[in-house]
Amino acid sequence: MRWGRLPQPSASAGRIDCIAVGFPRSESKTNGRDTKQISGHVETFTGLKSGLITVYVNAVANPSVPDATSRWSGASGAALFCGDLLVGVLTDDRRRDYLADQLVAVPVTSLTRLPGFMAALGTVGVSPCLEDVGASTGSYSSLYSVEPPPGLNNLPELPSRVFVGRNEILHELAAELTLDSQGVSRVIHGLGGVGKTTLALHYAHRYLGKYRLVWWVRGDTPDLISVDLAALARRLTGGNTDDTIAEAADWAIGWLQTNSSWLLIFDNVEHPGAVESLRGQLCHTGHLLLTTRYGVDWNSRTINLPILTDDDALHFLISFTGLIDVEDQFQARELAAELGNLPLALEQAGAFIAQSRFSVSEYRNLLQNYPAETTDASSGVNPERTMARIWQITLDALDSRTPLAVDILRTAAWYASTNIPRSLLAPLADNPVQYALALGRLAAYNLINLSGDAFGIHRLIQTIARTPDRKSVEPDRHRTPAAIDVALERAVRLIVDALPDNPETNVVGWPVLRIILPHIEHLVAVTDPIRDTEEISLILASATRYLRGQGQLNQAIAYGKRSFDAAIRLHGHDHPSSLTSCSNLAAAFRAAGDLDRAIPLYEQTLAQRERMLGTVHPETLASRNNLAGAFLAAGNLEQAIPLHEQAMRDSIRLLGGDHPDVFAARNNLAYAYQAAGDLNGAIPLYEQNLTDAMRVLGTDHPNTLAGRSNLAGVLRVAGEWGRAISLYEQTLSDSVRVLGADHPNTLAGRSNLAGSLWAAGDLNRAVPLYEQNLADTVRVLGADHAGALICRSNLAGVLRAAGDLDRAVSLYEQSLSDAIRVLGADHPGTLASQTNLAYAYRAVGNTDAAISLYEQTLNDSLRVLGDSHPDTLAARNSLASAYESIGNLDRAIALYERNFVDLSRALGSDHADTLTACNNLAYSYHAVGYLGRAVELYEQNLVDRTRTLGPDHPSTIIARNNLAHAYSEVGDLDRAVPMYERALSDSLRVLGPAHRLTHSIQEILAGERK
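Residues numbered from 1 in each chain as written. Predicted model: local features only at pLDDT ≥ 70, side-chain atom pairs only at ≥ 80, totals over all residues. Heavy atoms only, no water.

**Observations concerning the packing of helix H23 (residues 595-613) against helix H24 (residues 618-633)**
Orientation of H23 relative to H24, taken along the N-to-C sense of each, is 155 degrees, at an axis distance of 9 Å. What the angle tells us is that H23 and H24 run roughly antiparallel. Between H23 and H24 the crossing geometry is left-handed. In contact with Leu595, Ile599, Tyr602, Glu603, Thr605, Leu606, Arg609, Glu610 and Leu613 of H23, H24 contributes Glu619, Thr620, Ser623, Arg624, Asn626, Leu627, Ala630, Phe631 and Ala633. Within the contact of H23 with H24, the residues separate by chemical class into 9 nonpolar, 4 polar and 5 charged. (Axes fitted to C-alpha atoms, helices over the stretch in contact; angles between N-to-C directions. Helix = DSSP H or I, 4+ residues; strand = E, 2+ residues; numbered from the N terminus. Parallel < 35°, antiparallel > 145°, perpendicular 65-115°, else oblique. Left-handed = near helix turned anticlockwise from the far one by under 90°. Contact = heavy atoms within 4.5 Å. Nonpolar A, V, L, I, M, F, W, Y, C, P; charged D, E, K, R; others polar.)

**So, the confidence of the model for the chain**
Across the chain, the average pLDDT comes to 85, with 91% of residues at 70 or higher. Contacts from residues 59-64, a stretch scored under 50 in pLDDT, to residues over four places away or in other chains number 16 contacts. Every residue in residues 135-142 is under pLDDT 50, and counting partners more than four places away or in other chains gives 17 contacts. (pLDDT = per-residue confidence, 0-100.)

**Quick word on the sheet that holds strand E19 (residues 448-451)**
Overall, antiparallel pairing links the 3 strands, which are arranged E18-E20-E19 in an open sheet. Each end of this open sheet is capped by a strand with a single partner; those strands are strand E18 (420-421) and E19. By the bridge criterion, 4 bridges tie E19 to strand E20 (residues 454-457) in an arrangement that is antiparallel. The residue bridging Ile448 from the neighbouring strand is Ile457, located in E20. (Pairing = 2+ DSSP bridges.)

**Brief notes about the environment of Tyr203**
Assignment of secondary structure puts Tyr203 in helix H4 (residues 196-206). For Tyr203 and Leu289, which are 86 residues apart along the polypeptide, the C-alpha to C-alpha distance reads 9.9 Å. Residues in contact with Tyr203, not counting those within four places in the same chain, are Leu170, Leu173, Ala174, Leu177, Tyr211, Leu263 and Leu289. Only 2.8 Å separates the side chain of Tyr203 from the side chain of Tyr211, close enough to count as a polar contact. (Polar contact = N/O pair within 3.5 Å; in protein donor to acceptor, adjacent residues only side chain to side chain.)

**Section: the packing of helix H25 (residues 637-655) against helix H26 (residues 660-675)**
Contact pair H25 / H26: the axes reach a minimum separation of 9 Å and the direction vectors enclose 160 degrees. Considered as vectors, H25 and H26 are oriented roughly antiparallel to each other. The handedness of the crossing between H25 and H26 is left-handed. Taken together, the residues of H26 that come into contact with H25 (itself represented by Leu637, Ile641, His644, Glu645, Ala647, Met648, Ser651, Ile652 and Leu655) are Asp661, Val662, Ala665, Arg666, Asn668, Leu669, Ala672, Tyr673 and Ala675. Taken together, the residues that form the contact of H25 with H26 break down as 12 nonpolar, 3 polar and 3 charged.

**Regarding the pairing of strand E8 (residues 79-82)**
Only one face of E8 is buried, namely the one carrying Leu80 and Cys82, since none of Ala79 and Phe81 on the opposite face is buried. Sheet analysis places strand E2 (residues 15-22) next to E8, joined by 2 bridges and oriented antiparallel. In the sheet register, Ile19 faces E8, and the bridge partner there is Phe81. Pairing analysis gives 4 bridges linking E8 to strand E9 (residues 85-93), with the strands arranged antiparallel. Residue pairing for E9: Leu80 is matched across the bridge by Gly88. Two successive antiparallel strands, E8 and E9, enclose a turn made up of 2 residues, where Gly83 displays a positive phi of approximately 65 degrees. (Buried < 20%, exposed > 50% of the residue type's maximum accessible area, 1.4 Å probe, protein only.)

**Some details on the side chain of His519**
Note on placement: His519 falls in helix H19 (residues 510-525). We classify His519 as buried; its relative accessible area is 1%. Engagement of the side chain of His519 in a polar contact is seen with the backbone oxygen of Asn419, the distance being 2.8 Å.

**Digging into the pattern of salt bridges**
Taken as a whole and judged by the stated rule, the model has 51 salt bridges. Note that Asp742 is salt-bridged to Arg779, the shortest N-O span being 2.9 Å. Here Arg779 lies in helix H31 (residues 763-781) and Asp742 lies in the loop between helix H29 (721-738) and helix H30 (744-759), a separation of 37 residues in the sequence. Where Arg863 meets Asp860, a salt bridge forms, and the shortest distance between an N and an O atom there is 3.2 Å. In this pair, Arg863 and Asp860 are both assigned in helix H35 (residues 847-864), 3 residues apart and thus about one turn of the helix distant. Arg863 sits in the exposed class, given a relative accessible area of 52%. For Asp860, a relative accessible area of 12% gives the class buried. (Salt bridge = Lys/Arg side-chain N within 4 Å of Asp/Glu carboxyl O.)

**Structural notes on the pairing of strand E7 (residues 52-57)**
Across the 6 residues of E7, 5 count as buried, placing the element largely inside the fold. Relative to strand E10 (residues 102-107), E7 runs antiparallel, the two sharing 4 bridges. Across the sheet, Tyr56 pairs through a bridge with Gln102, a residue of E10.

This is the structure in structure tokens:
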């Protein structure tokens, strides 16, 4: 410390500059008082009077908030310097006489005369030696009071003439960096290219006139920082110095410490440690503004600069290119989304478009087909400010400190940009601590966004990271083709390892698949199919099975095709992987109702497996069963049933009677018999299956529960509603206990029980069950799952039966809309939804809308399914019934007659659908007065139903009632009344006195007896 002595007042006019730093109350902040630099001078004529120093304060240093007693209250005790000599201590404000522009200080010459003061200095080993303050005090090495010329700055030119979406942040920054507060530091951080430098430059240029000095410092390295600070020293002194860079930089720091109202900007600082010492030295005077990609550990308020909003990004591109055409603006919005609304990328694209006069759509094509060249193109911009260059600089810094972080980034570039599970990439690290540190480092550099158990990456960073840099001169070492190939292999392997088994039925694994699926979709989308490996084909196959089970059939088919193509290219047609992929694709086509494409693929797979593996190999049996199921779905019972019979025989011979695959084969055969109307053949098979499953697998095994449900289903068709309901209730109870209330099989069990209650006429129990099932299915599987579509349609149907037609119509309309959107207009499920809605319109009296939908459904069914498909025949029957309801009996009868003939030919005379067609044709003959034909068909129908379904089946009772009515119409009461009496007796015994059919027969019989 050097001590100074001011000269005694003299007649010659002059002044000596001085400075002090105090803590006035006017600078109070929430966490204490801020410092305030007090700059001024002492006049040689009047400055030292009565043993005190009068300091004339420069106006620029006055605080703006006056204190109750003094604007400078709280600053007393501040040391007063002239140059580097301590000359006094501030004590008072001459406010009573002046406008706070004169302060009073006690000179150190007076203090040294006080014994107590000198004794205190002696305790710390200080013995002041007073030096005269004079001209030598202003030498270069010590004179910090030099006044910069107005507007002194070294600001670079603004990098872009377009500045949008940042004004609010700019105003907030200006409010925080008020000129009344000294020692303010702010850090702007964010992703490379997000506009940190641009924001800082706009602030500096806009508010340049409010500072004594604005200086731009390149913060990339300590050497650059020193060079730019030395340049500040030379500018302040007019360049009259031979000092080294280090000495000049040190002088600049001294000047900044002892002067106020300056702004210093450190651009692109690597991390806090790079400027820690400087920030400590400069934290009490002017304003510091720093930009950095590193966002943590700054010990200062930070501003995380986000990407632009969609509208601001569009405005940016339009401003840059001048494009105002509607199509160009649409393309510009799409381009902005592809560039992730990143300002530097938008600037680079806009400059390229403006200079090359390309359209926006042409630039988008370049970005898609030549991403490496496009992100590195510098037309119209600084080559150092391209996205590829920013990426390389950032990764150079990251790789030097945390190489694992670079590997994580390259690997995650192949996934979706958001919600990447942390657990998915954890195997890349040796231990959890290393992994957490690497993720933290990526987040610190604003390369990823961490949130909970996931993280996200900017889309454009991903594009650059997975695009090889093939430049011949100075290529990016982080983007060599070899490095990117390794990253792709890692990304694929990590997904393969995360895939659960049995994706279509493994309910426990579905949450994992829901999380991983977006990343599979992105990986597949950005990978050339010609590069698909065995592991990518495996991922596609697994995704195909999962999507098929979830009802997302269009995507399942697309992935199934790509998996099949990859398997053929890698292995040929006869490889097991190729056959499995072929079968998966066929299953997707079958689920979508496209049997014309499913069946040939199944036939091809079966033929190849028979040739390669033999006729009784397990995979051959599975192929035969798949083909049989497809034939059954197509209504081709003549080919389906023999295949199912052969599959069951071969399974028993190969595996024995107690193998689960045998149970499956027996169940499939039983279902085929049931579809053919052969309930006598189906029921014993279902009963045997349930008995064997209970004995071999146990009562709680899922296959046993399924066996009980299947038996209940066939009993329901057979009209044994009591047994069916009892079995469904037991199955539902066991499923809740064993599988849980939200398991898909449990949901299906509740729907089955509700359906049986509906069929039995117990709507009061059926409606709540359907309502609960729809709510649970939507919650568990999602509103667009195929099961949810079916549940909504089922609820609409039971509400229609209960007379709640408004709710029914609304639900049917929603079901059809959802089916068209999710399944497609030609899917069998969509055609069924059209039929259901038409039926509801008919029920509320909107006959025109109903017939229009029925006609559309029939035409669509003929086009999509063919004229002999069961669904086509059902559509023709529905249209005939609608014509009949409006009295258009000629058209109705023509359709009924054709349907009866086609069903008899396709399904046989004993099939349930054929029997229904026979009854419908008889009823239409009855309506037009063809009573002879009607009675003949009613008699045949009763005989056939009694033989195939039994005398107690509800359909048989209805057939008997219809025949009695026909006898009555022709006046044959001798046969009509006994027939009614038999129908009533059977209905009371089978259905009960409360059933609607029982009431109806009772009323008719009472009328006939009168």
